[in-house]
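Structural characterization, general
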Number of protein chains: 2
Amino acid sequence: MTPISVLLVDDHMVVRSGLKALLGTQPDISVVAEAASGEAALLAMAEHSPSVIVMDLAMGAGIDGIETIKQVRRINSRQAILVFTTYDSDADIVRAADAGAMGYLLKDATPEEIFAAVRGAVQGKSVMSAPVASRLFQQLRNPDEVLTPREAELLSLLTEGLSNKALGQRLFISEATVKTHLAHIYAKLGVETRAAAISTAIRREGMR
Amino acid sequence: MTPISVLLVDDHMVVRSGLKALLGTQPDISVVAEAASGEAALLAMAEHSPSVIVMDLAMGAGIDGIETIKQVRRINSRQAILVFTTYDSDADIVRAADAGAMGYLLKDATPEEIFAAVRGAVQGKSVMSAPVASRLFQQLRNPDEVLTPREAELLSLLTEGLSNKALGQRLFISEATVKTHLAHIYAKLGVETRAAAISTAIRREGMR
DNA sequence: TGGTCTCTCAGCCTTTTGGCTGATGCGGCC
DNA sequence: GGCCGCATCAGCCAAAAGGCTGAGAGACCA
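Remember, it's a predicted structure, so these values are computed and weren't measured experimentally.

1. A closer look at the confidence of the model for chain A
For chain A, the average pLDDT comes to 85, and 92% of its residues sit at 70 or higher. Ranking the elements of chain A by mean pLDDT puts helix α6 (residues 130-141) of chain A last with 67 and strand β2 (residues 29-35) of chain A first with 95.

Now the structure itself:
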């Protein structure tokens, strides 16, 4: 049978090289293409039609990982996408799942975990690192504290230091709506000011 | 002549694997050991006496990269140490140099940059990524942008999300004084709001 | 079909923050 | 002794943020 074809997307040469070396040891897995940006990933996907896309969320320049996932989803709604990233922030996990990722691996995963995730992804299985699973589990117990995708998106932009007006312009919504979202975010994070929300987001949610 | 022996220190298997694959393509460079923690790095160094240590600053658990560098320095004051990390925060760069690192590379470096840095390190040359060098250079040219001790203290508390009143109470100064300090901090950081100052502090100054 | 969730928006009011100007005391430094 | 950087404080004003209430549209689900 033909090996599982993989497209690697990560802006760090070293990481791509490492993944390629690791996956190359498995006879049933073959890295057919690499991309250093979201844009390049879309091109590579069109050209190679890989079985699985392994992608980092943080891309240096251009469109980010989440947006790339969404674009891939538009082109092929059943494409298997594995997120492979450094941080297990609640917001990132929610947003990646919402965008259509099949699994969520952390970069400190063992080779075995990575192999299993790739093999699982092509079979439609959802695989994730233990810390990620644990976070999701905790969220199931406290659903009141889970940020909605839109809130998570807003919080992420908030950590860049934008004003309410700027947030509205960036998201194409009114300032009133921004304030509503912020009020909800503050309540869920248990803070009262945007400053505290930012530090909580960065510390607890791992955003940066 | 014997190849340059390298010890890799990074808590991510994938990164070690990638570095090993990249460095392995060079006949004059040989990876003789790997370590996933600061503690393991010290043991590996004692055992293998590598020419160069390539080390990440962020280690999942145990002693961090900076502390590991200091410990290595205590054992062998002339050991060549290359920092290989994701973020170019001012604080990290200064701390790494202070601890005794020879060079500072970012993970998006090209293979050629990495090779050159390893070869340079054994010859006692200081090599760093362009963004890192640019930061250091900028600090030298614009001493006006360096925070005073009091300002740094305030900025640190600011990242905890405190209000002006709370900052004043914590530092035993009036709210007016807090505002004066903040105005100076904003000017030096090149921002206009406290939210932007917080994110800049965490991102660029490495505060958290 | 009705309930719930999410996202969207508006108005009103209070508090907080930021910009500006000006001022005082203290400690180095030439 | 005078200059300068640093830390301290005040008052005034405009802008931004936050608290509150209410409400409509669309999606989803029982």
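2. Thoughts on the protein's contact with DNA strand C
Every one of the 16 residues lining DNA strand C counts as a neighbour, but T148(A), R150(A), S174(A), H181(A) and R194(B) are closest to it. Taken together, the sugar and phosphate atoms account for 67% of what DNA strand C places within 4 Å of the protein. K179(B) places a polar side-chain atom, nitrogen or oxygen, 2.8 Å from a base oxygen of DNA strand C. Within the side chain of Y186(B), an N or O atom sits 2.8 Å from a phosphate oxygen of DNA strand C. At the level of elements, α7 (149-158) and α9 (175-189) of chain A together with α9 (175-189) of chain B are the ones that each hand at least two residues to the surface near DNA strand C. Within the surface near DNA strand C, the residues separate by chemical class into four nonpolar, eight polar and four charged.

3. Notes on the environment of T85(B)
Residue and element names in this part refer to chain B. Structurally, T85 is set in strand β4 (residues 80-85). Given a relative accessible area of 5%, T85 falls into the buried group. Along the chain, T85 and V127 lie 42 residues apart, while their C-alpha atoms are 14 Å from each other. Setting aside residues up to four positions removed in sequence, T85 forms contacts with D56, L57, Y104, L105, L106 and K107. Polar contacts involving the side chain of T85 include one to the side chain of D56, which spans 3.0 Å.

4. Regarding the sheet that holds strand β5 (residues 103-106) of chain B
Residues and elements named next belong to chain B. Spatial ordering of the open sheet is given by β2-β1-β3-β4-β5, a layout of five strands whose pairing is parallel. The open sheet terminates on both sides in strands that have one partner only, identified here as β2 (29-35) and β5. Across the sheet, the mean angle from the axis of one strand to that of its neighbour is 25°, orientation sign disregarded. In terms of strand pairing, strand β1 (residues 4-9) meets β2 through six bridges, oriented parallel. Each bridged residue has a counterpart across the sheet, and for V9 the counterpart in β2 is A35. This element, helix α1 (residues 13-24), spans β1, β2, β3 (52-55) and β4 of the sheet and lies at about 165° to β2.

5. A word on the UniProt feature "modified residue: 4-aspartylphosphate" (unreviewed entry) in chain A
All names here are of chain A. Under the UniProt annotation, the feature "modified residue: 4-aspartylphosphate" (unreviewed entry) is placed at D56. Given the relative accessible area of 4%, D56 is considered buried. Ignoring any residue separated from it by four or fewer positions in sequence, one finds D56 in contact with V9, D10, D11, G65, F84, T85 and K107.

6. Overview of the interface of chain A and chain B
Taken together, the 30 residues of chain A in the interface contact 30 residues of chain B. Summed over both sides, the interface between chain A and chain B buries roughly 2400 Å², with carbon and sulfur atoms accounting for 66% of that surface. For the pair chain A and chain B, the interface holds zero salt bridges. At the junction of chain A with chain B, the criterion picks out four residue pairs in polar contact (both at pLDDT 80 or more). Here the side of chain A that touches chain B is composed, by residue class, of 15 nonpolar, eight polar and seven charged.

7. Comments concerning the protein's contact with DNA strand D
Among the 15 residues in the neighbourhood of DNA strand D, the closest are listed as R194(A), T148(B), R150(B), S174(B) and H181(B). Per the 4 Å cut-off to the protein, sugar and phosphate atoms form 67% of the nearby atoms of DNA strand D. For DNA strand D, a phosphate oxygen lies 2.8 Å from a polar atom in the side chain of T177(B). Elements supplying a minimum of two residues to the surface near DNA strand D: α9 of chain A together with α9 of chain B. Among the elements that make up the surface near DNA strand D, the one with the highest residue count is α9(B) (four residues). Looking at the surface near DNA strand D residue by residue, the classes come out as three nonpolar, eight polar and four charged.

8. Some details on the pattern of salt bridges
Residue and element names in this part refer to chain A. By the definition in use, this model includes 16 salt bridges over all chains. One salt bridge connects E34 with R16, and the closest N-O pair in it is separated by 2.9 Å. You can see E34 sitting in strand β2 and its partner R16 sitting in helix α1 (residues 13-24), a full 18 residues away along the chain. E34 sits in the partly exposed class, given a relative accessible area of 31%.

About the cut-offs
Residues numbered from 1 in each chain as written. Chains lettered and ligands numbered in written order. Predicted model: local features only at pLDDT ≥ 70, side-chain atom pairs only at ≥ 80, totals over all residues. Heavy atoms only, no water. pLDDT = per-residue confidence, 0-100. Helix = DSSP H or I, 4+ residues; strand = E, 2+ residues; numbered from the N terminus. Near = heavy atom within 4 Å. Polar contact = N/O pair within 3.5 Å; in protein donor to acceptor, adjacent residues only side chain to side chain. Nonpolar A, V, L, I, M, F, W, Y, C, P; charged D, E, K, R; others polar. Buried < 20%, exposed > 50% of the residue type's maximum accessible area, 1.4 Å probe, protein only. Contact = heavy atoms within 4.5 Å. Pairing = 2+ DSSP bridges. Axes fitted to C-alpha atoms, helices over the stretch in contact; angles between N-to-C directions. UniProt positions renumbered as here; feature names shortened; annotations may be inferred. Buried area = accessible area lost by both parts, 1.4 Å probe. Salt bridge = Lys/Arg side-chain N within 4 Å of Asp/Glu carboxyl O.

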